[in-house]
Amino acid sequence: MGTARLYASVAASGFRRYATYRIATAAGVFTNTVFGLILAYIFIALWDTKPHLGGYDQAQALSYVWLSQALLMVVAVMGGGFEDELIERIRTGDIAIDLYRPADLQMWWLAQDMGRALFHLMGRGVVPLAFGAFVFDLALPSDPLTWLAFLVAVVLGVAVSFAIRFLVALSAFWLLDGAGVAQLAFIAGIFCSGMLLPLNVFPGVLGDVVRALPWSSLIQAPVDVLLGTADPLSTYVSQAAWALGLLTAGRLVQSVATRRVVVQGG
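Reading guide: rules and limits
Sequence order as written defines the numbering, with residues in each chain counted from 1. Side-chain atom pairs in this predicted model are given and counted only at pLDDT of 80 or more, local residue features only at pLDDT of at least 70, and totals for whole chains, interfaces and linings cover all residues. The basis for the side-chain values is all heavy atoms of the structure; hydrogens and waters are excluded. To qualify as a helix, a DSSP run of H or I must reach at least 4 residues; to qualify as a strand, a run of E must reach at least 2; elements of each kind are numbered from the N terminus. It only takes one pair of heavy atoms within 4.5 Å for two residues to be counted as in contact. Identification of polar contacts relies on pairs of N or O atoms within 3.5 Å, with a donor-acceptor requirement for protein atoms, meaning one able to donate a hydrogen and the other able to accept it, and with residues adjacent in sequence counted only if both atoms are side-chain atoms. Each axis is a line fitted through C-alpha atoms, and for a helix only the stretch in contact is used; angles between axes span 0 to 180 degrees, taken between their N-to-C directions. Roughly parallel here means an angle under 35 degrees, roughly antiparallel means over 145, roughly perpendicular means 65 to 115, and every remaining angle is called oblique. For any helix crossing, the convention is left-handed if the near helix is rotated counterclockwise from the far helix by under a right angle, and right-handed if that rotation is clockwise. All amino acids are sorted into three groups, where Ala, Val, Leu, Ile, Met, Phe, Trp, Tyr, Cys and Pro are nonpolar, Asp, Glu, Lys and Arg are charged, and the leftover types, Gly among them, are polar. Put simply, a salt bridge is a Lys or Arg side-chain nitrogen that is within 4 Å of an Asp or Glu carboxyl oxygen. When accessible area is computed with a 1.4 Å probe and restricted to protein chains, residues below 20% of their type maximum are described as buried, those above 50% as exposed, and intermediate ones as partly exposed. Scored from 0 to 100, pLDDT records how confident the predictor is in each individual residue. In this scheme, patches are assembled from residues that exceed 30% relative accessible area and form no salt bridge. Like charges are connected within 9 Å, while nonpolar side chains (Val, Leu, Ile, Met, Phe, Trp, Tyr) are connected within 5 Å. Reported accessibility uses the Shrake-Rupley method at a 1.4 Å probe radius. Residues are deemed covered only where the shown protein chains occlude them. Expected helix span is taken as 1.5 Å per residue step, with the number of steps being one fewer than the number of residues.

K.L.:
Would you explain the environment of W242 in this entry?
P.N.:
Within the secondary structure, W242 sits in helix 12 (residues 232–265). The spatial distance from the C-alpha of W242 to the C-alpha of L156 is 9.3 Å, given a sequence separation of 86 residues. Aside from chain neighbours lying at most four places away, what touches W242 is V160, A212, L213, P214 and S217. A polar atom in the side chain of W242 sits 3.3 Å from the backbone oxygen of A212.

K.L.:
Please clarify how the packing of helix 6 (residues 105–135) against helix 7 (residues 144–170) should be interpreted in this entry.
P.N.:
Each packed pair of helices is defined by two parameters, the angle between the axes and the distance between the axes. In contact at an axis separation of 10 Å, helix 6 and helix 7 are set at 130° when each is read in the N-to-C sense. Taken together, helix 6 and helix 7 sit at an angle that is classed as oblique. As helix 6 packs across helix 7, the resulting crossing turns out to be right-handed. Here helix 6 contributes L105, Q106, W109, L110, D113, M114, R116, A117, L121 and L129 to the contact with helix 7, which in turn contributes W147, L151, V155, V158, A159, F162, R165 and F166. The residue makeup of the contact of helix 6 with helix 7, split by class, is 14 nonpolar, one polar and three charged.

K.L.:
Honestly, the pattern of salt bridges in this entry has me stumped. Any pointers?
P.N.:
Between side chains of opposite charge, a pair can form when the charged atoms approach closely. Evaluation of the coordinates by the stated rule reveals eight salt bridges. The partner of D98 in a salt bridge is R89, with the nearest N and O atoms 2.6 Å apart. Taking relative accessible area as the criterion, D98 reaches 6% and is therefore assigned buried. Salt-bridge contacts for D113 lead to R165; the nearest nitrogen and oxygen are separated by 2.5 Å. Within this pair, whereas D113 is found in helix 6, its partner R165 is found in helix 7, the two being separated by 52 residues in sequence. Under the relative-accessibility criterion, R165 is labelled buried at 6%. Connected through salt bridges with shared partners, the residues E83, D113, R116 and R165 form a single ionic network.

K.L.:
Can you walk me through the confidence of the model for the protein in this structure?
P.N.:
Low-confidence regions, as indicated by low pLDDT, have predicted coordinates that should not be scrutinised in detail. Summary statistics for the protein give a mean pLDDT of 91 and a share of 97% for residues scoring 70 or more. For the protein, per-element mean pLDDT is lowest for helix 5 (residues 95–99), which scores 81, and highest for helix 11 (residues 220–227), which scores 97.

K.L.:
Even after reading the chapter, I still don't get unusual backbone geometry, so can you show me in this structure?
P.N.:
Residues other than glycine predominantly adopt negative phi, and peptide bonds predominantly adopt the trans conformation. In this model, H52 sits at a positive phi of 65°, which is unusual for a non-glycine residue. Turning to its location among the elements, H52 is positioned in the loop between helix 2 (22–49) and helix 3 (58–71). Despite not being glycine, A76 has its phi angle at roughly 50°, a positive value. Following the sequence through the fold, A76 ends up in the loop between helix 3 and helix 4 (83–92). Note on A76: relative accessible area 4%, which makes it buried.

K.L.:
How should I be thinking about the environment of A153 in this particular structure?
P.N.:
Inspection of the secondary structure assignment puts A153 in helix 7. Residues within four places of A153 in sequence aside, it is in contact with P222, V225, Y236 and Q239.

K.L.:
Mind showing me how you'd approach a nonpolar patch on the surface here?
P.N.:
Together, F30, V34, I38 and I42 make up a nonpolar patch on the protein surface, roughly 380 Å² of accessible area in all. On the secondary structure map, I38 appears in helix 2.

K.L.:
Help me understand helix 3, please; the structure alone is not making it clear to me.
P.N.:
Along an α-helix, residues three or four apart share an orientation, since each turn contains 3.6 residues. End to end, helix 3 covers 20 Å across 14 residues, agreeing with the expected 20 Å (1.5 Å per residue, within 8%). In terms of residue burial, helix 3 counts as a mostly covered element, since 12 of its 14 residues are buried. Within helix 3, burial applies to Q60, A61, L62, S63, Y64, V65, W66, L67, S68, Q69, A70 and L71. Buried residues in helix 3 make contact with helix 2, helix 6, helix 7 and helix 11. N-cap assignment for helix 3: the residue whose side-chain oxygen lies 3.2 Å from the backbone N of A59 is D57.

This is the structure we're talking about:
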């Protein structure tokens, strides 16, 4: 029970930390809204030319645009969460202090990242989606259970995102500077998450590959659950499998890194 309270406190701390940046949040809401408008009109032109592209009608495609903008910071597609700080702590050697604390390194940062994600969902997700629903005819469901199923997929998407970024950060134990790996993950996230274009419209083998990668859990999977174009249970299984596999890999890498720090410290 004490451990649960500890990580709940860490999550709350993560929420409060990001809540202090009010001007940055307002600027982010504005940026997401403007970018959403640009994408919306591009999608309108595209779906006028190719109706039902990717299995979506135009209302669903527009819904995809605004939902992806709402989730962009929640699932940290482009990074910007804990990983920069963790990379810096590894580079400076401060990570040794973290490893000797009576708290699990991975769980500590996961709890903090969940707090960050909750803030961005409320602070940067709701307004752009509400704006999009006001200006455009979106295909958003009225059933509360569908929205609940969507939120479950979002939580799993955040877990997958965290697991990817945790591995990226841990690469700094061997590379000293994780910027290169972080940049590769950034590019993969933009292309393979469905941030710019639904993965359903990718043709042939390319479409099969990007939908099978873990980044599809970030945006494509939650949006399809909300739009009713994917089975929630099978979506959860895929997301949970990626989260579990990547978190396990992160824990193994963390163990190797911990032994390295102990040996060097000794």
